[in-house]
Every structure is written in C-alpha cells, then in structure tokens.
Amino acid sequence: MRAIDHYAWSNRWRDWHPTEKLLPAGCLLILTLVLPPLSSGPLILASMAWATVYGAGVPMRALLQVLAAPAAFLVMGAPFLAVSISFADGFHWQWSSEGWWLALETTVRALAAVSCLAFLTLTTPLTDLIALSRRLGVPAGLIELVQLVYRLIFVFAERAITGQQAQTARLGYVRFDRGLHSVGGLAGNLFQRALHQAQRMEIGLAARGYTGELRVLNTERALSWPRLMTGITWVGLLGLSGWILGRGGS
Amino acid sequence: MSGPLLSLQRLEYRYPDQLLALRGLDLAIERGRKLALLGSNGSGKTTLLLHLNGTLRPTNGMVLLDGQPGRYDRQGLNQWRRRVGLVLQEPDDQLFAATVEQDVSFGPLNLGLSEAEARFRVHEALEALRITSLASRATHTLSFGQKKRVAIAGVLAMRPELLVLDEPTAGLDSHGVTHLLGALQGLHQAGTTLVFFDARYGIGL
Ligand SMILES: Nc1ncnc2c1ncn2[C@@H]1O[C@H](COP(=O)(O)OP(=O)(O)OP(=O)(O)O)[C@@H](O)[C@H]1O
Ligand SMILES: [Mg+2]
C-alpha cells in the first residue's frame, strides 16, 4: 500500500492529466474482456508493464509486487477449472483438456486485466482519480468519504506501526501467545483512537468553517492531446493485432 | 470598536465525567496584542482554547466577542469562526486532504471565496510559512514539523482577526521554532492578534 502510493506520487507520469492514463488503461481493460485472451492477453500485459516500467519509471520490482498477490491467487485457483467432476455414478474427477484451456485463458485474461489496474494505481495519485470522478459526476458524498478514508489510512497505519514497534520493544512478541495478546491489544487501542480521531477531526474541520461539504481546490493539469492520441492509437493497434492473431489461431 | 476583541468572564468548565477543568477564569484579549499562555500538562490549556472559538460551551461564565455574548447557534458559530482561527495541537486532527495545496484551500473555499481568490490565499499562506515548495506534496509524506506548518497555513489562509495556536512549537527543532516564530511575528506586524498556548517557559516572542 505504502509502496504503491509512493510511486503513484513520484513517477515520471505523475503530472499527466489523469484522462491520458485512465482512458488507454480503461480501453485495454475492456479489450482483455472481449478479445480472445491467449493472443491479446500477453500483448496487453507486456505493453502495460512496458508503460509502467519504462514509461513512468516505476521499478519492475514494485510492479511485480503488485501483480504477485493476484497471480498467486490465480495459480492456486486455476487448477480447479482444469478438473471436471461428475456425480453420475459415484464421485469421479478427471483432468479435462478443455478445462486446461479454460484455466489458461482465465489466468492470462485476469493477469492482463490486473496489469491495467496496476499501471493505473502505480502511476496516478488517488487525488487525480478522485478529481476525475468528481468531474464525471460521482456523488460528492462518496468522493468525500474516499478522500477521508485515504487520509486516515495513513494516520492509522503510522500509529499501528509505531504501536507495534513499541510493543516489540517491550517484548510483546517473544512468544506466539504473547504475540496474539499484543495484536489484540493493538487492535482495541486503534479502534478507540479511531473514534477519538474522528471527534477531534470534527473539531479541527469545524474550526475551519466546515459545514458539511469537504470542498478543496484541485490542481489543474493540462490535457495533452498528442499524448492522449498516442495512447488511443496504441490501444487501437493492440486491439487490432490481438483480434487478427486471435482469428488466425482459431 | 474599542474594548477587547474577545474576553472571558468567570469561565468555568466541567467535563461530562465531572472533572472540573477550568474555574473562575477571567481574560481579556485586546486587539493587536500578542499573548502567550503557559501551563503544565493537564492544566487546561486545550480546554480553554476550545472555548475561544465556541467549540466548547462554558458550564458557567461567559465568552464575549466584541463585548457581545458569543452565539452558539449555527450562524453565530460560523461568524465566530471566521474571525477566530484555531490551530490544534495535533496536525493530524486538522489535515484531511491528500495534498498540501488542497488542504490549505479548504478554509478559504468555506469562506465562499472564488477559486481564483482561494488559490491566491493558499499561495499567500504557504509563502508566509515559507513552505511553497511543499504545495503539491502528499500530506501523508510530510514530517511532523512540516505538517504542523501546513496546519497553521490552513488556518492562516482564512485571514482570521485572532489566531489561536495550541503548542505551535512542540515537536519542532530549534530551526523550525525560529522559522515559525519569525512567521508569527510577521503576521502580528500585519495586524493579526495572536494567542498561543505553550507548556514550556522561555519560548519568547
Ligand atoms: N474529553 C475529556 N473528557 C474528560 N476530561 C478531559 C477531556 N479532555 C481533557 N480532560 C481533562 O481536563 C484537564 C485539562 O486537559 P487539557 O487537555 O485542557 O490540558 P492541557 O493543558 O492542554 O494539557 P497538555 O499540555 O498535555 O496538552 C486534564 O485533567 C484532562 O485529563
Ligand atoms: Mg493540550
């Protein structure tokens, strides 16, 4: 979470208008769902990885970290698609070749889709996405909620980390049972603090004239048409080649 | 418009759990003054401060604004808080937006200013605290001292007549303290009345 956020704020493409990133990534995400995955999936995965690492300058390691969790999930889940089970007479299961293809296709498709999201989260600060959704007409209440949660996550993460360090310093984690005890204490403490934090933040915001609306100025980013067109052209080319390759294959 | 900007008369405050935090307090804050209130931990500084913009309502006694009893209805509080800016002890209690610029713009927009005017106020406040370089930084990546200055800028951008700060120098290094006191000095010379609370003696203004 912290690492993702760090790169979102510091990559080379940070100051691009969010549309320039969201539109191509969004289109590619849709393409992963509609095109035959075995031909288009690797293309999309590769180009998103390329854009993230060589374009925006996010280290490969960070990208792999983001992809690792969904990938592990897929690797564990996919084999079940490759097995066919029948209850016709008793319980039978067998590997099916159709199932193998399905498992492979699903994995590739999901990885390609996740790479689009990874690109977006690693290159675009949440504030940009929030500003964009506001302009697209997402209700203000929802946006304010996301905004507050985003801020508070870090306030609490910081406290959780320092709390755990303090417990560790007092040997709170020397044994497994003490560890459980310590985690329980920490969680209870954090919850209490969350309630207090909310109360005090209300005071702090009221002092600045809060009357029920969290309105702030958004940094204006200039939309670059050349960059946007480049992105869209690239999406078009990928879509076309994915489609042609897919037809040739079948 | 003579007489104190804000005054407290025989102020008493009892927390809901019956703890008597303030008793028989009289204080007059004259226009254009610079006032430091010192007290040890738990002496009631924060409790007193929260009375100065109507956040807490005294159990007994009165808070007077320009000689008039403070009004605790919604509109009265709104007016009150336009004039009296409060900077809390803990910057994380005040900063809610993702970037510095966004956060500082919150107060000015609440005043009903236009976006252009708000942008100007943000710039002005960041300048006064010498943190223009932080403008587009993410709030959660700032150090404690930086957060503290951003929190002050957020209140400053509303150009309050009276600026009240709860332990503004706590947690700052000596360089940070010098900077901050310099900035406050500048505000005071520009006509802002200042009240600040501190737990340590010898903080000179
Ligand atoms: N929400 C509350 N409920 C009950 N008692 C409280 C509450 N807040 C503060 N108190 C008590 O009121 C007294 C004054 O507290 P206050 O926070 O005003 O002190 P302070 O001078 O600001 O201290 P510090 O220097 O530690 O910030 C303390 O005894 C404190 O325990
Ligand atoms: Mg206090």
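Each remark here, short or long, concerns the structure printed above.
The structure presented is a predicted model; accordingly, all values stated were derived computationally and were not measured.

Criteria and cut-off values
- Residues numbered from 1 in each chain as written.
- Chains lettered and ligands numbered in written order.
- Predicted model: local features only at pLDDT ≥ 70, side-chain atom pairs only at ≥ 80, totals over all residues.
- Heavy atoms only, no water.
- Pairing = 2+ DSSP bridges.
- Helix = DSSP H or I, 4+ residues; strand = E, 2+ residues; numbered from the N terminus.
- Axes fitted to C-alpha atoms, helices over the stretch in contact; angles between N-to-C directions.
- Contact = heavy atoms within 4.5 Å.
- Donors = N, O, S within 2.8 Å, 3.2 Å for Na, K, Ca; no water.
- Buried < 20%, exposed > 50% of the residue type's maximum accessible area, 1.4 Å probe, protein only.
- Near = heavy atom within 4 Å.
- Polar contact = N/O pair within 3.5 Å; in protein donor to acceptor, adjacent residues only side chain to side chain.
- Areas by Shrake-Rupley, 256 points an atom, 1.4 Å probe, with all protein chains shown as cover.
- Nonpolar A, V, L, I, M, F, W, Y, C, P; charged D, E, K, R; others polar.
- Buried area = accessible area lost by both parts, 1.4 Å probe.
- Salt bridge = Lys/Arg side-chain N within 4 Å of Asp/Glu carboxyl O.
- Parallel < 35°, antiparallel > 145°, perpendicular 65-115°, else oblique.
- Left-handed = near helix turned anticlockwise from the far one by under 90°.
- Arc of directions from axis to C-beta.

### Things to note about the sheet that holds strand β6 (residues 84–87) of chain B
Residues and elements named next belong to chain B.
Moving on, step 1. Strand order in the open sheet formed by four strands is β3-β8-β7-β6, with parallel pairing between adjacent strands. With partners counted over all chains shown, the strands left at the sheet margins are β3 (34–38) and β6, one partner each. Direction aside, the axes of adjacent strands within the sheet are offset by 15° on average.
Moving on, step 2. Relative to strand β8 (residues 193–198), strand β7 (residues 162–166) runs parallel, the two sharing five bridges. When the sheet's bridge partners are listed, L163 is paired in β8 with L194.
Moving on, step 3. Sitting on the sheet, helix α2 (residues 74–83) is in contact with β6 and β7, with an inclination near 75° to β6.
Moving on, step 4. Across the sheet, helix α6 (residues 174–189) touches β3, β7 and β8, and the angle it forms with β7 is around 160°.

### Considering the coordination of the magnesium ion (ligand 2)
Residue and element names in this part refer to chain B.
Moving on, step 1. Distances from the magnesium ion (ligand 2) to its protein donors, namely T46 (OG1) and Q89 (OE1), fall within the range 1.9 to 2.4 Å. In this pair, T46 is assigned in helix α1 (residues 45–49) and Q89 in the loop between β6 and α3 (100–110), connecting sequence segments 43 residues apart.
Moving on, step 2. For Q89, a relative accessible area of 31% translates into the label partly exposed.

### A closer look at the site of ligand 1
All names here are of chain B.
Moving on, step 1. Near ligand 1 you find 14 residues, and of these N41, G42, K45, T46 and T47 are the closest.
Moving on, step 2. At a separation of 3.1 Å, an oxygen atom of ligand 1 approaches a polar side-chain atom of E167.
Moving on, step 3. Here ligand 1 loses 63% of its free accessible area of 640 Å² to cover by the protein chains.
Moving on, step 4. In terms of residue count, the dominant contributor to the shell around ligand 1 is α1 (three residues).
Moving on, step 5. Here the residues of the shell around ligand 1 are counted per class, giving three nonpolar, eight polar and three charged.

### Digging into the interface of chain A and chain B
Moving on, step 1. Tallying the contact residues gives 32 residues for chain A and 37 residues for chain B.
Moving on, step 2. Overall, the association of chain A and chain B removes approximately 3200 Å² of surface from exposure, summing both partners, and the carbon and sulfur fraction of that is 55%.
Moving on, step 3. The largest contributions to the chain A side of the interface with chain B come from R151, R208 and L217 of chain A, which together make up 29% of the buried area.
Moving on, step 4. Counting the contacts that link chain A with chain B gives four salt bridges.
Moving on, step 5. Across the pair E115 of chain B and R215 of chain A runs a salt bridge, and its minimum N-O distance is 4.0 Å.
Moving on, step 6. Linking chain A with chain B are twelve residue pairs in polar contact (both at pLDDT 80 or more), by the criterion used here.

### Re the sheet that holds strand β1 (residues 6–14) of chain B
Residue and element names in this part refer to chain B.
Moving on, step 1. Spatially, four strands are ordered β2-β1-β4-β5 in an open sheet, and the strand pairing comes out antiparallel. Strands with a single pairing partner mark the edges of an open sheet, and in this sheet they are β2 (20–29) and β5 (68–69).
Moving on, step 2. Judged from the two bridges that link them, strand β4 (residues 60–65) and β5 form a sheet pairing that is antiparallel. Bridging from a neighbouring strand, L64 pairs with P69 of β5.

### What to know about unusual backbone geometry
Glycine aside, the phi torsion of most residues is negative, and most peptide linkages are trans.
All names here are of chain B.
Moving on, step 1. Phi is positive for R159, which is not a glycine, with a value near 45°.
Moving on, step 2. For R159, the location among the structural elements is in the loop between α5 (144–156) and β7.
Moving on, step 3. What makes R159 partly exposed here is its relative accessible area of 41%.

### Digging into the packing of α3 of chain B against helix α4 (residues 115–128) of chain B
When two helices pack together, their arrangement is given by the angle between the helix axes and the distance between those axes.
All names here are of chain B.
Moving on, step 1. Relative orientation of the contacting elements α3 and α4 amounts to 120°, with a least axis distance of 9 Å. With respect to α4, the element α3 is oriented oblique. Of the two possible hands of crossing, α3 and α4 adopt the one that is right-handed. From α3, V100, E101, V104, S105, P108 and L109 reach across to α4, where they touch A118, R121, V122, A125 and L126.
Moving on, step 2. Here the contact of α3 with α4 is built from residues that sort into eight nonpolar, one polar and two charged.

### With respect to α2 of chain B
Moving on, step 1. Within the span of α2 of chain B, buried status applies to G76, L77, W80, R81 and R83 of chain B. All buried residues of α2 of chain B project into a common sector of 155° when viewed along the axis, lining one side. Residues of α2 of chain B that are exposed and point over 90 degrees away from its buried face: R74 and Q75 of chain B.
Moving on, step 2. The inward-facing, buried residues of α2 of chain B abut α8 (176–207) of chain A together with β1, β4, β6 and β7 of chain B.

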